[in-house]
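One-letter residues, chain by chain:
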Amino acid sequence: MLTTESIMEALREVKDPELNKSLVSLNMIRNIQIQGNDVSLDVILTIRGCPLKIKIQEDVENAIRQLGAERVTVTFGAMTDEERATLSASLRAEQHASRNNATPQGGKAPSAAPGIPQTNYIAIASGKGGVGKSTVTVNLAVALARAGKKVGIIDADIYGFSVPDMMGIEQRPTVIDDVILPVERYGVKVISMGFFVEDNAPVVWRGPILGKMLRNFLHEVHWGELDYLLLDLPPGTGDIALDVHQMIPQSKEIIVTTPHATAAFVAARAGAMALSTTKHEILGVVENMSWYTDRNGDKEYVFGRGGGEKLAESLNVELLCQIPLGAPGNVLEDPEYSPSVYASNHPTGKLYDELARKVAQAVTT
Ligand SMILES: Nc1ncnc2c1ncn2[C@@H]1O[C@H](COP(=O)(O)OP(=O)(O)OP(=O)(O)O)[C@@H](O)[C@H]1O
Ligand SMILES: [Mg+2]
């Protein structure tokens, strides 16, 4: 039977995809009209031009059709400034409560610094640039999400951000007043400096601003509940790495290297810094670009051999995995296209699933 109450009850189950809260509790459903088997209603979005409008529309229509409605007409509106302010204030209050009063549960590490998300932090570091930190961050995050974990990425490479491009993200974050909602892709929540600059303009800010950006990404972003928050660090052992330590002393680290002896030697420096200066626990080493499989199926060790193993040995940690050279083979026409994410049925995707399993085992949620 179609009544305003039964429709509201059904819509209680429909969530705003970004806020992960019921449309009813967000007061987004208004003006329900029923005529026979036809229903019309207004859905009031947080912002005009909400990128997830189509998804919301589908979910609302399906929920009401399941009650027996034949035609469902959804009209979209936007919250008033006042309504938006009330919503952002309640989001902030909720965030504040969960971050400052939370008692750590299970294996979840407590944040030393109040006000940042209570979750397991994993920073991806290297000594040298271009060894595949960002690629590893993105694929480890996607693999953890595939395994059912709630995962976020902070692209902490403020100058050299690359995560949005690598994941094929064209969307920008929704901002409700001063609350920033991360962009979700492949089930991973992402925030990057790349979302806040126009047309790929270079970022020329100096030290203090960089630290401030990182602080904002931690404090001002509405992450919701997370099992893991991965940080894609810039190359080397610079300021950002120290900032990460200061802000997130409990972060753990994964060190990425190529199999080349020199790369491993330089990576050892990042490792040494993690151990001595930042005192971050190192989860292990990922060796990237380990080999190339030629047409005959033979492995060619184009960047040498043994770097990962040597580094792991010198840091007294595990060599978590070796990732071969090779593209994900994604095609541009695919709506799920991204240049750098390996699907779960790709041999390299399987290696990342295995890495995610090891990481989840080492850092339980
Ligand atoms: N296993 C791989 N096979 C093929 N190409 C790869 C592989 N890993 C990384 N790449 C490519 O190598 C380049 C460098 O990788 P990536 O950007 O992940 O490194 P990075 O360490 O984050 O670099 P930076 O220090 O500049 O941040 C990218 O173009 C990436 O697509
Ligand atoms: Mg990078």
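This is a predicted model, so every value here is computed, not measured.

The rules behind the values
Counting starts from 1 at the beginning of each chain's written sequence and moves along it residue by residue. The lettering of chains begins at A and the numbering of ligands begins at 1, in the order of writing. Confidence filtering applies because this is a predicted model: local features only for residues at pLDDT of at least 70, side-chain atom pairs given and counted only at 80 or more, and all residues used for totals across whole chains, interfaces and linings. As a rule here, side-chain values cover all heavy atoms of the structure and leave hydrogens and water aside. Buried and open spaces are told apart on a 1 Å grid over the protein atoms alone, a cavity being a set of points where a 1.4 Å probe fits but cannot get out and a pocket being an open set with protein on both sides within 12 Å along at least five of seven lines. Residues with an atom within 4 Å of a point are the lining residues. Grid points are joined across faces, edges and corners, and a volume is the space filled by probe spheres set on the points. Going along the chain from the N terminus, every DSSP run of H or I of four or more residues is numbered as a helix, and every run of E of two or more is numbered as a strand. For this classification, the nonpolar set comprises Ala, Val, Leu, Ile, Met, Phe, Trp, Tyr, Cys and Pro, the charged set comprises Asp, Glu, Lys and Arg, and every other residue, Gly included, is treated as polar. A single heavy atom is enough: if one lies within 4 Å of a molecule or strand, its residue is considered near that molecule or strand. The definition of a polar contact used here is a pair of N or O atoms within 3.5 Å, where within protein one atom must be able to donate a hydrogen and the other to accept one, and adjacent residues in sequence count solely through side-chain atom pairs. All the domain ranges listed were derived from an automatic or database domain assignment. The salt bridge criterion pairs a side-chain nitrogen of Lys or Arg with a carboxyl oxygen of Asp or Glu, the two atoms within 4 Å. Think of it in three bands: with a 1.4 Å probe and only protein chains considered, a residue is buried below 20% of the maximum accessible area for its type, exposed above 50%, and partly exposed in between. Geometry is summarised by axes, namely lines fitted to C-alpha atoms with helices restricted to the contacting stretch, and by angles between N-to-C directions that run from 0 to 180 degrees. An angle below 35 degrees is read as roughly parallel, one above 145 as roughly antiparallel, one from 65 to 115 as roughly perpendicular, and any other as oblique. Any two residues whose heavy atoms approach within 4.5 Å at even a single point are treated as in contact. UniProt positions are given in the numbering used here, feature names are shortened, and annotations may be inferred rather than shown by experiment. Handedness of a crossing follows from how the near helix is turned relative to the far one, being left-handed for an anticlockwise turn of less than a right angle and right-handed for a clockwise one. Residues form patches when they are more than 30% accessible in relative terms and have no salt bridge. Like charges link within 9 Å. Nonpolar side chains (Val, Leu, Ile, Met, Phe, Trp, Tyr) link within 5 Å. Residue burial considers only the protein chains on display, and all accessible areas are found by Shrake-Rupley using a 1.4 Å probe. Side-chain rings of Phe, Tyr and Trp, where Trp is taken by its six-membered ring, are said to pair if the distance between their centres is within 6.5 Å; with planes under 30 degrees apart they count as stacked, over 60 as edge-to-face, and otherwise as tilted. The criterion for a charge sitting over a ring is simple: Lys NZ or Arg CZ within 6 Å of the ring centre, and within 35 degrees of the ring normal.

**Overview of empty space enclosed by the protein**
So, step 1. Under the criterion given, the structure shown has one cavity of 30 Å³ or more.
So, step 2. Reported here for the largest cavity is a volume of approximately 50 Å³.
So, step 3. Around the largest cavity sit 10 residues that line it, and Ala 125, Ala 241, Glu 253, Ala 270 and Met 273 are the ones nearest its centre.
So, step 4. Top contributing element to the lining of the largest cavity by residue count: helix H8 (residues 261-276), with three residues.
So, step 5. When its residues are assigned to classes, the lining of the largest cavity shows six nonpolar, three polar and one charged.

**Observations regarding the site of ligand 1**
So, step 1. Among the 16 residues in the neighbourhood of ligand 1, the closest are listed as Gly 130, Lys 133, Ser 134, Thr 135 and Asn 288.
So, step 2. For ligand 1, an oxygen atom lies 3.1 Å from a polar atom in the backbone of Val 131.
So, step 3. In the environment of ligand 1, a nitrogen atom lies 3.0 Å from a nitrogen or oxygen atom belonging to the backbone of Pro 324.
So, step 4. Looking at which element gives the most residues to the shell around ligand 1, the answer is helix H4 (residues 133-146), with three residues.
So, step 5. Here the shell around ligand 1 is built from residues that sort into seven nonpolar, seven polar and two charged.

**What to know about the domain arrangement of the chain**
So, step 1. Partitioning the chain into domains gives domain 1 (4-81) and domain 2 (106-364).
So, step 2. Taken over C-alpha atoms, the centre of domain 1 sits 37 Å from the centre of domain 2.
So, step 3. In this structure, the connection of domain 1 to domain 2 is made through one residue pair in polar contact (both at pLDDT 80 or more).
So, step 4. Its residues placed into classes, the side of domain 1 that touches domain 2 shows three nonpolar, one polar and one charged.

**Focus on the pattern of salt bridges**
So, step 1. Applying the stated criterion across every chain yields a total of 15 salt bridges.
So, step 2. Residue Glu 318 pairs with Lys 358 through a salt bridge whose shortest N-O separation is 3.2 Å. One end of the pair, Glu 318, is in the loop between helix H9 (307-315) and strand S17 (319-323); the other, Lys 358, is in helix H10 (residues 347-362), and 40 residues separate them in sequence.
So, step 3. The class for Glu 318 is partly exposed, based on a relative accessible area of 42%.
So, step 4. Note on Lys 358: relative accessible area 21%, which makes it partly exposed.

**Comments concerning the packing of H4 against H10**
So, step 1. At a minimum axis separation of 8 Å, H4 and H10 run at an interaxial angle of 75 degrees. Of the possible angle classes, the one that applies to H4 and H10 is roughly perpendicular. Between H4 and H10, the residues in contact are Thr 135, Val 136, Asn 139, Leu 140, Ala 143, Leu 144 and Arg 146 and Gly 349, Tyr 352, Asp 353, Leu 355, Ala 356, Val 359 and Ala 360, respectively.
So, step 2. Class assignment of the residues belonging to the contact of H4 with H10 gives a composition of nine nonpolar, three polar and two charged.

**Digging into the UniProt feature "binding site: ATP" (unreviewed entry) in the chain**
So, step 1. As annotated in UniProt, the feature "binding site: ATP" (unreviewed entry) corresponds to Gly 127, Lys 128, Gly 129, Gly 130, Val 131, Gly 132, Lys 133 and Ser 134 in the numbering used here.
So, step 2. Other than its neighbours up to four places away in sequence, Gly 127 contacts Pro 235, Gly 236, Val 266, Ala 267 and Ala 270.
So, step 3. In this fold, Gly 132 is placed in the loop between strand S6 (120-125) and H4.
So, step 4. Given a relative accessible area of 10%, Gly 132 falls into the buried group.
So, step 5. Leaving out residues up to four positions away in the same chain, Gly 132 has contacts with Val 256 and Asn 288.

**A short note on the packing of helix H1 (residues 4-11) against helix H2 (residues 53-65)**
So, step 1. Where H1 meets H2, the closest approach of the two axes is 9 Å, and the angle between their N-to-C directions is 130 degrees. Here H1 lies oblique to H2, going by the angle between them. In the crossing of H1 with H2, the sense of the turn from one axis to the other is right-handed. Taking contact as the criterion, the partners of Ile 7, Ala 10 and Leu 11 in H1 are, on H2, Val 60, Ala 63 and Ile 64.
So, step 2. By residue class, the composition of the contact of H1 with H2 is six nonpolar, no polar and no charged.

**Describing a nonpolar patch on the surface**
So, step 1. On the surface, Tyr 292, Val 302 and Phe 303 cluster together to form a nonpolar patch covering roughly 280 Å² of accessible area.
So, step 2. Along the polypeptide, Tyr 292 turns up in strand S15 (residues 292-293).
So, step 3. Look at Tyr 292 and you get partly exposed, because its relative accessible area is 41%.

**Examining the packing of aromatic side chains**
So, step 1. This structure, assessed with the given rule, holds three aromatic pairs.
So, step 2. When the centroid spacing of 6.0 Å and the interplanar angle of 25 degrees are considered together, the rings of Tyr 342 and Tyr 352 count as stacked. Linking Tyr 342 in the loop between S17 and H10 with Tyr 352 in helix H10, this pair joins segments that are 10 residues apart in sequence. For the pair Tyr 342 and Tyr 352, one class covers both residues: buried.
So, step 3. For Arg 185, the ring lying beneath its charged end belongs to Tyr 186, and the centroid distance is 4.8 Å.
So, step 4. Its guanidinium or amino end placed over the ring of Tyr 301, Arg 305 lies 3.8 Å from that ring's centre, counting from NZ or CZ.

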